[in-house]
Amino acid sequence: MKINNVEIFLEKVSGKGDLNFVLVHNAGGNHQFFSHQIYLLKKYGNIIWLDLPGHGDSDAMNHYEMHELSLTLKKICENLSLNKICLIGLNNGADIVIDAAITQNLPIHSIILIDPPLFMEPAFIDEIESFIQKLEQQDYDKFIISLVDNLFIKTDKGNKEIALKAFNSVDKKSLQSIFKGLIAWDANAIGKLKQIHYPALCILTDEHHCSYNKMRQEAPHFEIGKVIGSKCWATLEVPDQVNAMIERFLILNS
């Protein structure tokens, strides 16, 4: 699909329910980071999973401010004439979902956030800025192998291969711009979640992307859960835990 002359890879999966799930992956990842959720979601509706601009098989675009990414998401939904939308975002994809829910006036049924980087502490911002610099290293391949090893606690070879393939194919300039846009957007994150009035689930992990206490303070109306024994890529590492929470949330909000 072309959005503003940028070719966006997406795949439509037909399901049985009346929801339309739009899956927004993490910065550096691709649609395969949701590969373990497809079987579950098909029970409740149709699925659109895509590669963000500059990722996977999607072309890069010129600007990666959060609003530009959420506007791209809106245009995808409009071009496909989707209604009763459930937006599901992983990591930075969850922040794109938040921005879309607040600013893009979509027919949203519910949102699901998985380990969003929100209300980031200075030390975490320093990590991101260091990562931005490391994207320019000549030994990028070795850096990505180390990154993937460190961000999984215990997983199988197949999940590692998904992550390695994604990060080795991403456009590095796009990834740098996305992270810079994330830092700028998160600086004004306080108060954003209070503007969301759809049913919302937030799944946290053992990573330090977001504080449970801060999330509870900012979004007392959200359902908030936490997986055990996984860092930021819980959709791959502990899909049974993630899927159980998603399914219960969907049942309660059907």
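Residues numbered from 1 in each chain as written. Predicted model: local features only at pLDDT ≥ 70, side-chain atom pairs only at ≥ 80, totals over all residues. Heavy atoms only, no water.

**Q** How do you make sense of the overall build of the protein chain when you look at a structure like this?
**A** Looking only at helices and strands, the protein chain features ten helices and nine strands. Taking 2.2 N^0.38 as the reference for a compact globule, 254 residues should give roughly 18 Å; the C-alpha atoms of the protein chain span a radius of gyration of 17 Å, in line with that estimate. Each of the three principal axes of the protein chain carries a C-alpha extent, and together these read 50 × 40 × 35 Å. Contacts in the protein chain between residues far apart in sequence, at least 24 positions, make up 74% of those at least 6 positions apart. As presented, the protein chain carries roughly 11,300 Å² of accessible surface, and 49% of it is formed by carbon and sulfur atoms. Counting 24 positive and 31 negative side-chain charges, the protein chain places the centres of these two groups 4 Å from one another. (Helix = DSSP H or I, 4+ residues; strand = E, 2+ residues; numbered from the N terminus. Rg over C-alpha atoms; globule rule 2.2 N^0.38 Å. Contact = heavy atoms within 4.5 Å. Areas by Shrake-Rupley, 256 points an atom, 1.4 Å probe, with all protein chains shown as cover. Lys, Arg positive; Asp, Glu negative; His and termini not counted. Charge placed at Lys NZ, Arg CZ, Asp CG, Glu CD.)

**Q** Looking at this structure, I do not really get empty space enclosed by the protein. What am I missing?
**A** To find the voids left in a structure, one rolls a probe of water-molecule size over its atoms. Applying the stated rule across the entire model yields one cavity of 30 Å³ or more. Computed from the structure, the largest cavity encloses a volume of approximately 50 Å³. If you go around the largest cavity, the residues you meet are Ile8, Val24, Leu50, Asp51, Leu52, Pro53, Leu69, Thr72, Leu73, Ile76 and Ile96. For the lining of the largest cavity, the per-class residue count stands at nine nonpolar, one polar and one charged. (1 Å grid on protein atoms, 1.4 Å probe; cavity = no way out; pocket = protein on both sides within 12 Å on 5 of 7 lines; lining within 4 Å. Points joined across faces, edges and corners; volume = space filled by probe spheres on them. Nonpolar A, V, L, I, M, F, W, Y, C, P; charged D, E, K, R; others polar.)

**Q** Even after reading the chapter, I still don't get the side chain of Thr235, so can you show me in this structure?
**A** Position of Thr235 relative to the elements: it lies in helix α9 (residues 234-237). By relative accessible area, which is 0% here, Thr235 ends up buried. Among the polar contacts listed, one links the side chain of Thr235 to the backbone oxygen of Phe33, at a separation of 2.7 Å. The contact partners of Thr235, leaving out residues within four places of it in the chain, are Phe33, Phe34, His36, Gln37, Leu90, Ile114 and Val242. (Buried < 20%, exposed > 50% of the residue type's maximum accessible area, 1.4 Å probe, protein only. Polar contact = N/O pair within 3.5 Å; in protein donor to acceptor, adjacent residues only side chain to side chain.)

**Q** Explain the sheet that holds strand β6 (residues 85-90) here, please?
**A** Strand pairing in a sheet relies on backbone hydrogen bonds. The paired strands run either parallel or antiparallel. Strand order in the open sheet formed by seven strands is β3-β5-β4-β6-β7-β8-β9, and the pairing between neighbours is mixed. Edge positions in the sheet fall to β3 (10-13) and β9 (223-226), since each of these pairs with one other strand and no more. The sheet shows a mean angle of 15° between the axes of neighbouring strands, direction not considered. Of the pairings in the sheet, the one linking β6 to strand β7 (residues 108-114) comprises six bridges and is parallel in character. Residue Ile85 lies in a different strand from β7, and its bridge partner there is Ile108. (Pairing = 2+ DSSP bridges. Axes fitted to C-alpha atoms, helices over the stretch in contact; angles between N-to-C directions.)

**Q** Where do I start with the environment of Leu82 in this structure?
**A** For Leu82, the location among the structural elements is in the loop between α2 (66-79) and β6. Distance in space between the C-alpha atoms of Leu82 and Leu19 is 9.1 Å, their sequence separation being 63 residues. Beyond its immediate sequence surroundings of up to four residues, Leu82 is in contact with Asn20, Val22, Ile48, Cys77 and Pro107.

**Q** It is not clear to me how the pairing of β7 should be interpreted in this structure. Could you clarify?
**A** For a regular strand, side-chain orientation follows a simple rule: the groups alternate between the two sheet faces. Taking burial as the measure, the seven residues of β7 include seven buried ones, the bulk of the element. Strand direction decides the pairing type here: β7 and strand β8 (residues 200-204), joined by four bridges, are parallel. From the neighbouring strand, Leu113 faces β8, where its bridge partner is Cys202.

**Q** Quick question: what am I supposed to make of the packing of helix α4 (residues 122-134) against helix α7 (residues 172-186) here?
**A** Axis angle and axis distance: for two packed helices, these are the angle between their axes and the distance between the axes, and together they describe the pair. Between α4 and α7, the shortest axis-to-axis distance is 10 Å and the interhelical angle comes to 160°. What the angle tells us is that α4 and α7 run roughly antiparallel. Between α4 and α7 the crossing geometry is left-handed. For the pair α4 and α7, the contacting residues are Ile125, Ile128, Glu129, Phe131 and Ile132 in the first and Leu175, Gln176, Phe179, Lys180, Leu182 and Ile183 in the second. Split by residue class, the contact of α4 with α7 holds eight nonpolar, one polar and two charged. (Parallel < 35°, antiparallel > 145°, perpendicular 65-115°, else oblique. Left-handed = near helix turned anticlockwise from the far one by under 90°.)

Don't take any of this as a statement about function, it's just geometry.
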